[in-house]
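Geometric and topological summary
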Amino acid sequence: MELLEPDLFGGLTKNITAEMISKDKKKDKYIDDTDAPVSKRHKVHKSLGSEYKLIKKIGSGAFGEVFVVKDRRDDQYYACKAQKVEESGGATLLFPEAKYLIRCAGDCIPRVKDYIQGTNYHILIMELLGPNLENLFKYCERKFSLKTILMIAIQTLMRINYLHSKLVIHKDIKPENFVVGYGSNEKRIYLVDFGLAGDFRSPRDGKHIELQKRKSLCGTARYASINTHEGHNQSRRDDLESLGYVLIYFLLGKLPWQGFDTKEKKDKYKKIEKSKKTANLEKLLEKYPQVFLKYLNYTKNLGFEDRPCTRDLIKLFQKEMHLREMENDGNFDWVLKRAKQVPGKRQ
Ligand SMILES: Nc1ncnc2c1ncn2[C@@H]1O[C@H](COP(=O)(O)OP(=O)(O)O)[C@@H](O)[C@H]1O
Ligand SMILES: [Mg+2]
């Protein structure tokens, strides 16, 4: 029965997974994890109950572990995000996450199926999706073509624009939190991980949240906006600035503020902040289309309550593709690589 169980891309042949694992064994925990059996003693089993069968672990982040599960009632596969209860003293970030996912339900946001409050774990059962953009970057030997990066920019901006239209900000935009669809949906990029999401307007009276200072860093330092480093609470502008750093990361393969080694986390964050503030973006991006620099300068100059012109930004990237006679056809580098490796797979 093993062949029927989904792997990383969903329905992908076994040998590709094996190849990916042997290449990336040490570097890529996620891919390594995909074939790791979940111990029968793992407490998630207990909290899941008898309706779901735990298949394997597919991801983990700062807050939870993500598994593939099979619903015994309909024989369908789902993703299950589990969060230990003790770690946060009875409450978890998973419940607000589920609420935001439901509120923002729509195209390319994972559908919520169930929420289980076990004694040891809280569990969110949702639509099963494919690998994240960081895994796919590794799969493509940490090189994305310009066409792939422009298509990523367009789709990820569409997701953020959609989220903002629901009056919600994500607050942790990074490659790991964008995943492609499962199986044949690998041309669609989804936004996941609403663990830090929040309102930028009150759902009651529509008033914009107030600027606060001296907050501790929320999100991921590598992609955090400069204002977030400075302790300001986040608003729409920060989602967009973080996306700018994601795009530079894909263009350059590495951000200038990566790899700082300090004993204290605080010192590391300070170094990252300084490097971000002093980075010569013009020089760093001189070899690349100006649209990326333009994007970043625009987002960095937005005010706390400003409504970003995200549609215009999308148009800028679309125009760049058009000028270069590139078709926005969803044939990302990973789609092409996989088509080559899986005989008979159509694009
Ligand atoms: N619905 C899903 N389907 C498939 N993989 C998922 C799904 N949700 C999350 N993942 C994977 O699990 C990883 C961790 O999940 P995430 O929600 O980001 O947890 P954390 O809050 O701990 O960062 C993600 O980076 C992604 O690769
Ligand atoms: Mg995450």
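Per-chain numbering applies: the sequence of each chain, read as written, is numbered from 1 onward. Think of it this way: whatever chain is written first is A, whatever ligand is written first is 1, and the rest follow in order. Confidence filtering applies because this is a predicted model: local features only for residues at pLDDT of at least 70, side-chain atom pairs given and counted only at 80 or more, and all residues used for totals across whole chains, interfaces and linings.

1. So, the overall build of the protein
Our working definition: Only DSSP runs of H or I reaching four residues or more are called helices, and only runs of E reaching two or more are called strands; each is numbered from the N terminus. Exposure is read from a count of other C-beta atoms within 10 Å of each residue's own; the residue is exposed at 12 or fewer, buried at 20 or more and partly exposed in between. C-beta atoms are placed from the backbone. Remark: residues whose backbone-derived C-beta atoms lie within 7 Å of one another are considered to be in contact.
Per the secondary structure count, the protein includes 13 helices and nine strands. Looking at the protein as a whole, 37% of its 347 residues are labelled buried. Put simply, of all contacts in the protein between residues at least 6 apart along the chain, 61% involve residues at least 24 apart.

2. Let's talk about the environment of Glu134
Tracing the sequence through the fold places Glu134 in helix H5 (residues 133-139). We classify Glu134 as buried; it has 20 C-beta atoms within 10 Å. Along the backbone, Glu134 and Asn177 are 43 residues apart, and their C-alpha atoms lie at a distance of 8.7 Å. Setting aside chain neighbours within four positions, we find Glu134 in contact with Pro175 and Glu176.

3. Quick word on the sheet that holds strand E1 (residues 52-60)
Operational definition: Whether two strands pair comes down to DSSP finding at least two bridges between them. Every axis corresponds to a line fitted to the C-alpha atoms, with the helix fit spanning only the stretch in contact, and the corresponding angles, defined between N-to-C directions, vary from 0 to 180 degrees.
Reading across the sheet, the five strands line up as E1-E2-E3-E5-E4 and stay open at both edges, with antiparallel pairing between neighbours. Among the strands making up the open sheet, the edge pair consists of E1 and strand E4 (112-117). Each strand of the sheet is rotated relative to its neighbour by a mean of 25°, with strand direction disregarded. As defined by bridge partners, E4 adjoins strand E5 (residues 121-127) across five bridges and the pair is classed as antiparallel. Of the residues in E5, the one forming a bridge with Val112 is Met126. With respect to the sheet, helix H4 (residues 94-103) is in contact with strand E3 (76-84), E4 and E5, its orientation differing from that of E5 by roughly 20°.

4. Focus: the pairing of strand E2 (residues 65-71)
Here E1 pairs with E2 via seven bridges, running antiparallel. Across the sheet, residue Lys53 finds its bridge partner in E2, namely Lys70. Counting the residues that bridge the hairpin from E1 to E2 gives four residues. In this structure, E2 lies alongside E3, joined through seven bridges in antiparallel fashion. Counted as the bridge partner of Val69 is Tyr78 from E3. With antiparallel pairing between neighbouring strands as the criterion, E2 and E3 make up a hairpin whose turn holds four residues, including Asp75 at a positive phi of roughly 60°.

5. Side note on the nonpolar core
Quick note on the threshold: Here a nonpolar core is just a set of buried residues of the types Ala, Val, Leu, Ile, Met, Phe, Trp, Tyr and Cys, joined wherever their C-beta atoms sit within 7 Å. By convention here, the domain bounds are inherited from an automatic or database domain assignment.
In terms of nonpolar packing, the biggest core is built from 72 residues, with Cys80 and Tyr190 touching the most fellow members. Looking at which domains feed residues into this core, each of domain 1 (5-127) and domain 2 (133-334) supplies at least three. Residues within four places of Tyr190 in sequence aside, it is in contact with Cys108, Ile109, Pro110, Leu129, Phe178, Val179 and Gly181.

6. Some details on helix H11 (residues 290-300)
Going by this rule: When we speak of the arc, we mean the arc of directions from the helix axis to the C-beta atoms.
Along H11, the positions that sit buried rather than exposed are Phe292, Tyr295, Leu296 and Thr299. Angularly, the buried residues of H11 cover 90° about the axis, an arc narrow enough to put them on a single face. With respect to the buried face of H11, the exposed residues turned more than 90 degrees away are Gln290 and Asn297.

7. Let's talk about the site of ligand 1
Basically, it comes down to this: As used in this record, a residue near a molecule or strand is one whose C-beta atom, placed from the backbone, is within 6 Å of it. Asp, Glu, Lys and Arg are counted as charged, while Ala, Val, Leu, Ile, Met, Phe, Trp, Tyr, Cys and Pro are counted as nonpolar; the rest, among them Gly, fall into the polar class.
Residues in close proximity to ligand 1 total 22 residues, the closest being Gly59, Gly61, Ala79, Leu129 and Asp193. Taken together, the elements giving at least two residues each to the shell around ligand 1 come down to E1, E3 and E5. Among the elements that take part in the shell around ligand 1, E1 stands out by supplying three residues, more than any other. A class-by-class count of the residues in the shell around ligand 1 yields 11 nonpolar, seven polar and four charged. Of the residues that make up the shell around ligand 1, three or more belong to each of domain 1 (5-127) and domain 2 (133-334).

8. Focus on the UniProt feature "binding site: ATP" (unreviewed entry) in the protein
Our working rule: UniProt positions are given in the numbering used here, feature names are shortened, and annotations may be inferred rather than shown by experiment.
Summarizing the sequence annotation, UniProt attributes the feature "binding site: ATP" (unreviewed entry) to Lys81 in the numbering used throughout. Within the fold, Lys81 resides in strand E3. Judged by local crowding, Lys81 falls into the buried class, with 25 C-beta atoms found within 10 Å.

9. A look at the packing of helix H6 (residues 146-165) against helix H8 (residues 236-252)
The test is simple: Any angle between 65 and 115 degrees counts as roughly perpendicular, while under 35 counts as roughly parallel, over 145 as roughly antiparallel, and the rest as oblique. Here a crossing is taken to be left-handed if its near helix is turned anticlockwise relative to the far helix by less than a right angle, and right-handed if that turn runs clockwise.
Running from N to C, H6 and H8 point in directions that differ by 165°, and their axes come no closer than 11 Å. One element, H6, and the other, H8, form an angle in the roughly antiparallel class. Crossing hand, H6 versus H8: right-handed. Of the residues in H8, those touching H6 at Ile149, Ile152, Ala153, Thr156, Leu157, Ile160 and His164 are Arg236, Asp239, Leu240, Leu243, Leu247, Phe250 and Leu251. Within the contact of H6 with H8, the residues separate by chemical class into 10 nonpolar, two polar and two charged.

10. Side note on unusual backbone geometry
Backbone geometry places Cys108, a non-glycine residue, at a positive phi of 65°. Note that Cys108 resides in the loop between H4 and E4. Classification of Cys108 by C-beta neighbours within 10 Å gives buried; the count is 20. Positioned with a positive phi, Glu325 is a non-glycine residue whose angle comes to about 55°. Following the sequence through the fold, Glu325 ends up in the loop between helix H12 (310-323) and helix H13 (333-341).

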